[in-house]
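# Understanding the architecture of this molecule
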Amino acid sequence: MFDVDLQSSDEESPVPDANSCEDQELIQLFQQQISPASETAASLKRTCGLHIAQSCDYDKIAVGLSRCELQLFRVREGGQLAVESRTLGRYDSGIRGVRFFNGDPNSLLCCTQDGSVFLYDVRTSDKVFRYEDTSEGAKKTMTSCDINQNDRVLCASSEVQKTGDSFLLFFDVRERNYLGCYWECHSDDITHVRFHPTNPDLFASASVDGLINVFDISKLTEDDAMQYCFNVETAVDSINWHADPTGRDLVSCVTTTNDLHLYDVESQDSVALFDRAQITKSLRRTSAIDCNVVGTHNYGNGSFFVLAGSNFNRGKDCLRTLRYDNKTLLPDRSFGGNKQIVRASVYNEKVFSFLHYQSYTASVC
């Protein structure tokens with residue numbers, strides 16, 4: 001489910017996707033018209049960038065390709081992209097996540113499907129360590145990974161194993177030990193895990209079973225660690241943490257059907273739900289079947305935005321952001337010069353630059 005090469009929906013859609021308003025109105029609505037400051041090819045072969053991460057000093061970008069390769073780029077002065085290493089890592093199975101440490105711009109994690117999380121020192125391109133769980137014999141097939149705010153705990157998630165269980169695996173990053181696992185919280189493949197951006201003990205997991213669970217890993221048992229559970233009632237693709245202007249924690253999720261849900265963590269209330277048709281309308285497009293919700297990013301001021309586009313014409317016609325404001329999605333920015341369907345993105349809050357990864361090309365906007 002992770003290496004599917006997303007295609008344009010041209011053949012599925014009875015009517016070609018298009019803007020739902022005139023060009024002048026579109027410019028007035030999406031007042032920030034942004035073009036790429038830099039663009040570089042990852043490969044001349046057919047490949048997709050499925051995972052992307054940015055270092056805490058904002059000058060390094062790691063990309064996991066569908067060809068089972070890990071690449072490293074450097075963001076130079078003026079936003080120019082340069083290839084640092086085309087083969088930082090090459091693996092026998094698919095990449096399921098890449099993540100820089102929060103406090104060390106030279107330490108990078110790469111999670112692979114076959115059950116390993118590799119730690120790299122990007123200064124030397126060396127593999128420093130391999131985290132894996134062999135407590136039950138064979139390694140578990142992994143689906144995602146994340147590291148907590150103080151860079152002490154690594155969590156990796158798994159698919160459903162032959163035992164019928166799916167796992168959240170925990171490792172001590174510094175001691176390089178396997179700490180244990182949770183296995184009762186999900187009944188299907190776990191698709192995404194995300195630690196809280198400031199609280200090192202709080203993290204959330206999401207699954208094909210439609211559940212988003214929030215845990216406090218300072219507790220001794222899985223039952224005690226479970227704090228909140230949200231039932232999205234459909235398969236979840238990705239999740240993210242946000243904060244509203246009052247500071248309360250929110251969790252957003254993008255479903256496999258390109259809907260966006262938003263939950264208040266403490267009250268466990270559903271704050272907002274935007275289905276694919278609503279997002280298409282906010283983008284000022286006509287074809288909901290072509291709508292591609294890439295993900296969400298924080299502005300850093302108590303608000304967040306949604307990156308979304310159209311799969312029609314292989315994504316060339318539409319890539320835009322929608323700003324969340326009081327249970328509504330408002331037109332925000334429009335990205336010109338897009339060439340492919342976007343699969344992964346990062347946002348630099350420090351200099352307000354935006355990087356997205358397409359099929360063959362990385363772009364900084």
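This text gives an overview of the structure that appears in the document.

What counts and what doesn't
- Residues numbered from 1 in each chain as written.
- Predicted model: local features only at pLDDT ≥ 70, side-chain atom pairs only at ≥ 80, totals over all residues.
- Heavy atoms only, no water.
- Helix = DSSP H or I, 4+ residues; strand = E, 2+ residues; numbered from the N terminus.
- Rg over C-alpha atoms; globule rule 2.2 N^0.38 Å.
- Buried < 20%, exposed > 50% of the residue type's maximum accessible area, 1.4 Å probe, protein only.
- Contact = heavy atoms within 4.5 Å.
- Lys, Arg positive; Asp, Glu negative; His and termini not counted.
- Charge placed at Lys NZ, Arg CZ, Asp CG, Glu CD.
- Disulfide = S-S within 2.5 Å.
- Pairing = 2+ DSSP bridges.
- Axes fitted to C-alpha atoms, helices over the stretch in contact; angles between N-to-C directions.
- Polar contact = N/O pair within 3.5 Å; in protein donor to acceptor, adjacent residues only side chain to side chain.
- Salt bridge = Lys/Arg side-chain N within 4 Å of Asp/Glu carboxyl O.

## Digging into the overall build of the protein chain
Of regular secondary structure, the protein chain possesses three helices and 29 strands. Relative to a compact globule of 365 residues, whose C-alpha radius of gyration would be 21 Å, the protein chain shows 20 Å and is just as compact. Seen through its principal axes, the protein chain has C-alpha atoms that stretch 60 × 45 × 40 Å. Taken over 365 residues, the protein chain has a buried fraction of 56%. Looking at the protein chain alone, contacts between residues at least 24 apart form 47% of all its contacts between residues at least 6 apart. One way to put it: in the protein chain the 35 positive side-chain charges average out to a point 7 Å from where the 52 negative ones average out.

## Topic: the state of the cysteines
By the definition in use, this model includes zero disulfides. Cys56 takes part in no disulfide bond, and the closest cysteine sulfur, belonging to Cys145, lies 16 Å away. Cys185 carries a free sulfur, and the closest cysteine sulfur to it, the one in Cys155, is 8.9 Å from it. Owing to a relative accessible area of 7%, Cys185 belongs among the buried residues under this scheme.

## Digging into the sheet that holds strand β6 (residues 81-90)
Strand order in the open sheet formed by four strands is β3-β4-β5-β6, and the pairing between neighbours is antiparallel. The outermost strands of the open sheet, each flanked by one partner alone, are β3 (49-54) and β6. Direction aside, the axes of adjacent strands within the sheet are offset by 20° on average. The pairing of β3 with strand β4 (residues 60-65) spans five bridges and is antiparallel. From the neighbouring strand, Gln54 faces β4, where its bridge partner is Ile61.

## As for the side chain of His192
Relative to the assigned elements, His192 resides in strand β15 (residues 190-195). Polar contacts involving the side chain of His192 include one to the main-chain amide nitrogen of Ile239, which spans 2.9 Å. Setting aside anything within four residues of it in sequence, one finds His192 in contact with Ser144, Ala204, Ser205, Ala206, Asp237, Ser238 and Ile239.

## Let's talk about the pattern of salt bridges
Per the counting criterion, the structure on display carries 17 salt bridges. Measuring nitrogen to oxygen at the nearest pair gives 3.3 Å for the salt bridge that ties Arg74 to Asp59. Taken together, the positions of Arg74 in strand β5 (residues 69-75) and Asp59 in the loop between β3 and β4 put the pair 15 residues apart, joining distant regions of the chain. For Arg74, a relative accessible area of 21% corresponds to the partly exposed category. Residue Asp59 is classed as partly exposed on the basis of its relative accessible area of 22%.

## Observations concerning the sheet that holds strand β17 (residues 211-216)
Hydrogen bonds between backbone groups are what pair the strands of a sheet, and the pairing can be parallel or antiparallel. Spatial ordering of the open sheet is given by β15-β16-β17-β18, a layout of four strands whose pairing is antiparallel. The two strands at the open ends of the sheet, each matched to only one other strand, are β15 and β18 (226-231). Strand after strand, the sheet turns through a mean of 15° between neighbouring axes, direction not considered. As defined by bridge partners, β15 adjoins strand β16 (residues 202-207) across five bridges and the pair is classed as antiparallel. Bridge pairing in β16 places His192 opposite Ala206.

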